[in-house]
Amino acid sequence: MTSRHLSSPISAPSRRTVVKAAAATAVAAPVLGAATTARAADGPAFLHGVASGDPLPDGILLWTRVTPTPDAVPGSGRGADTAVRWEVAEDKEFARVVARGTTVARAASDHTVKADVRGLSPATAYWFRFSAGDGTETLSPTGRTRTAPAARAATPGVRFGVVSCANWESGFFSPYRHLAARADLDAVLHLGDYIYEYASGTFPDAKYVVRPHEPKHEILTLADYRTRHGNYKTDPDLQALHAAHPVIAIWDDHEVANDTWSGGAENHTPDTEGSWADRVAGAKQAYFEWMPVRASTEGTVYRRLRFGNLADLHLLDLRTFRSQQSTIGNGSVDDPDRTITGRAQLDWLKSGLAGSDATWKLVGTSVMISPVAFGSVPAHLLEPLAELLGLPKEGLAVSVDQWDGYTDDRKELIAHLRDRSITNTVFLTGDIHMAWANDVPVKAATYPLSASAATEFVVTSVTSDNLDDVLHVAPQTLSVVAATAVKAANRHVKWVDMDSHGYGVLDVTAERSQMDYYTVSDKRKRDATSTWTRSYRTLSGTQKVERVDRPVR
């Protein structure tokens, strides 16, 4: 890629674990209005939209995919390499272009391109676009993005959309459309399961499929993963989200296979599905090709972003390094040799939390860190029997795919927060297809007599099936009883919604971090409406969540 920062204006030329165990108008309209894609009859096209991600104070990562000829569909390997030009401007008419450059959409990278643009101003909105073609130029849709505040600048507030778990077959992506329509977001945080790997009719069953996957078989190869990513990015609501806001993404398991761990997955059988290493390599290559994400060390997604003096955002990879999942009721979850983070990543996180001078330490984690346990008696009474019975010390975990299956890492991290007097740590979580608001206790068995070390906000799924979907009952039929049981056995859980689909909006100020939870009317309808449901906040210095009676907006 070549680029040039311009000093003067130039005229413009994307869970099942606990579910199974429990069984913008203001922004998007102008963006999409400007996003009419000119296309020569036999020239290149921009069929998968544009995107930006990983905002820095002086830069942003831009993304698109060029279809050089009609037969060069994702995963096909067809089509010639194509020169691509990009521009960044202060206005949507591109009268004040501040940076431009060139790159190449190569068949070797599935004709995807990224431009890591630097030299921009902090906390500033920009417009961007791509172009390709010789003679008759084809313009991409136009996107809007925003840089982060300067690293130590006084920052009154920052606001994120928060999403996870978008299963194409389970419904339409209306939560993305509603977030795209907001003009007040600094970025959208995607906490994993941007795509799903299943064969069509697997999850959900065929009779409940809203729209079929492409390819229809379970994805296993690099070409398969490219095709699935490409199909997702034909969705108009997903395209609108990426065109309206920078997206900060981490992966969970379904970007590869269900219940992924470092050496395999629940949804992978080497004898019939080939080498696990080859599958992971293909899945990760396609992910980095198709997502506006900067690869971190060792080709993973753990990394750190800064938002002024207000927040450090620590993003985790909880699949690449983890030990194989245990089984429910197995005391091996407490084995200190088992890990969910890996040693290097846990040390990196602890160092980053201890060294942060930001008011808030936000941690993007794909699976829930708060313990959720059951027994024939409440968890706090079960504990004395745990060692004798060979059970986890904090009770029978509902999902050992979460931090509950790797209690030593959690214990070490929480002890670090307490020993180093690290305050205002907020975990932001997806995966579980339910919405939760939790305190993260130092010792769950004696909470609330023991302290809370952090708080956690969990967002529900965009579309992926939750309790009422899996059991095919009317919402609220069983969820009220189930939620009551969860909270009775886990007193640090302040709220759980097991039925809804939607998204969150996290608003952070010096005084508090507040999560507003929104639900959509019907995931099976493309025009689903959105309604505010609940809000919880944690006040600075408290390490506890409390309910508030209205959203920030």
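Residues numbered from 1 in each chain as written. Predicted model: local features only at pLDDT ≥ 70, side-chain atom pairs only at ≥ 80, totals over all residues. Heavy atoms only, no water.

(A) Broad picture of the sheet that holds strand β21 (residues 435-441). Here we have seven strands laid out as an open sheet, ordered β15-β16-β17-β20-β22-β21-β23, and mixed in their pairing. Pairing within the sheet leaves two strands with one partner each, and these edge strands are β15 (303-307) and β23 (493-497). Direction aside, neighbouring strands of the sheet carry axes that sit 20 degrees apart on average. Across the sheet, helix α8 (residues 343-355) lies against β15, β16 (311-315) and β17 (360-365), angled at about 175 degrees from β16, the strand it touches most. (Pairing = 2+ DSSP bridges. Helix = DSSP H or I, 4+ residues; strand = E, 2+ residues; numbered from the N terminus. Axes fitted to C-alpha atoms, helices over the stretch in contact; angles between N-to-C directions. Contact = heavy atoms within 4.5 Å.)

(B) Up close: the side chain of S535. Relative to the assigned elements, S535 resides in strand β26 (residues 530-539). Here S535 falls in the buried class, since its relative accessible area comes to 0%. A distance of 2.5 Å separates the side chain of S535 from the side chain of D516, its partner in a polar contact. Here S535 is in contact with Q514, M515, D516, E546, R547, V548, R550 and P551, once residues within four sequence places are set aside. (Buried < 20%, exposed > 50% of the residue type's maximum accessible area, 1.4 Å probe, protein only. Polar contact = N/O pair within 3.5 Å; in protein donor to acceptor, adjacent residues only side chain to side chain.)

(C) The packing of helix α4 (residues 222-232) against helix α7 (residues 276-290), seen in detail. The contact between α4 and α7 brings their axes to 8 Å, and the two run at 35 degrees. At the point where α4 passes α7, the crossing takes the right-handed sense. Here L222, Y225, R226, H229 and G230 of α4 come into contact with α7, specifically with R279, G282, A283, Q285, A286, Y287, E289 and W290. Of the residues contributing to the contact of α4 with α7, the split by class is six nonpolar, four polar and three charged. (Left-handed = near helix turned anticlockwise from the far one by under 90°. Nonpolar A, V, L, I, M, F, W, Y, C, P; charged D, E, K, R; others polar.)

(D) The packing of aromatic side chains, seen in detail. Considering all chains together, one arrives at 19 aromatic pairs under this definition. Centre to centre, the rings of F128 and F130 are 6.4 Å apart; their planes meet at 90 degrees, and the pair counts as edge-to-face. Measuring from ring centre to ring centre gives 5.7 Å for Y198 and F203, while their planes differ by 70 degrees; the resulting arrangement is edge-to-face. In this pair, the class of Y198 matches that of F203, namely buried. One aromatic cluster is present, formed by W168, F173, Y176, Y194 and Y232 through successive ring pairs. If you follow R211 out to its NZ or CZ, it ends over the ring of F173, 4.6 Å from the centre. Over the ring of W63 we find K233, and its NZ or CZ is 5.2 Å from the ring centre. (Phe/Tyr/Trp six-rings, centres within 6.5 Å; stacked < 30°, edge-to-face > 60°. Lys NZ or Arg CZ within 6 Å of the ring centre and 35° of its normal.)

(E) Just the pattern of salt bridges, in detail. Across all of its chains, the model carries 37 salt bridges by this definition. With a closest N to O distance of 3.2 Å, D116 and R118 form a salt bridge. Judged by relative accessible area, D116 falls into the partly exposed class, the value being 26%. Among the residues examined, R118 registers a relative accessible area of 40% and is labelled partly exposed. In this structure, the salt-bridge partner of R159 is D507, at a minimum N-O distance of 2.6 Å. Residue R159 is found in strand β10 (residues 158-163), and its partner D507 is found in strand β24 (residues 502-508); the two are separated by 348 residues along the sequence. The burial state of R159 is the same as that of D507; both residues are buried. Among the ionic contacts, a cluster of salt bridges with common partners joins R159, R182, D184, D507 and R512. (Salt bridge = Lys/Arg side-chain N within 4 Å of Asp/Glu carboxyl O.)

(F) Representation of the nonpolar core within the structure. Grouped together as the largest cluster of nonpolar side chains are 69 residues, with contacts concentrated most on F160, I248, L362, L428, F457 and L506. Of the residues forming this core, the biggest block, six residues, is contributed by α7. Look past the residues within four positions of L506 in its chain and what remains in contact with it is V158, R159, F160, V162, L362, L428, F457, Q514 and M515. Core analysis: the next-biggest nonpolar cluster, separate from the first, contains 20 residues, V50, L62, W86 and V117 among them. (Core = buried A, V, L, I, M, F, W, Y, C linked by side-chain atoms within 4.5 Å.)

(G) Up close: unusual backbone geometry. Looking along the chain, the bond that leaves E214 and enters P215 is cis, with omega of -10 degrees. By secondary structure assignment, the location of P215 is in the loop between β11 (187-190) and α4. Between Y447 and P448 the backbone carries a cis peptide bond, its omega angle lying at 10 degrees. When you line up the elements, P448 lands in the loop between β21 and β22 (452-458).

(H) Up close: the confidence of the model for the chain. When the pLDDT values of the chain are averaged, the result is 89; 88% of them are 70 or greater. A low-confidence stretch, residues 1-41 stays under pLDDT 50, and its non-local contacts, those more than four residues away or across chains, total 140 contacts. Confidence over residues 376-382 falls short of pLDDT 50; this stretch has eleven contacts with residues more than four positions distant or in other chains. (pLDDT = per-residue confidence, 0-100.)

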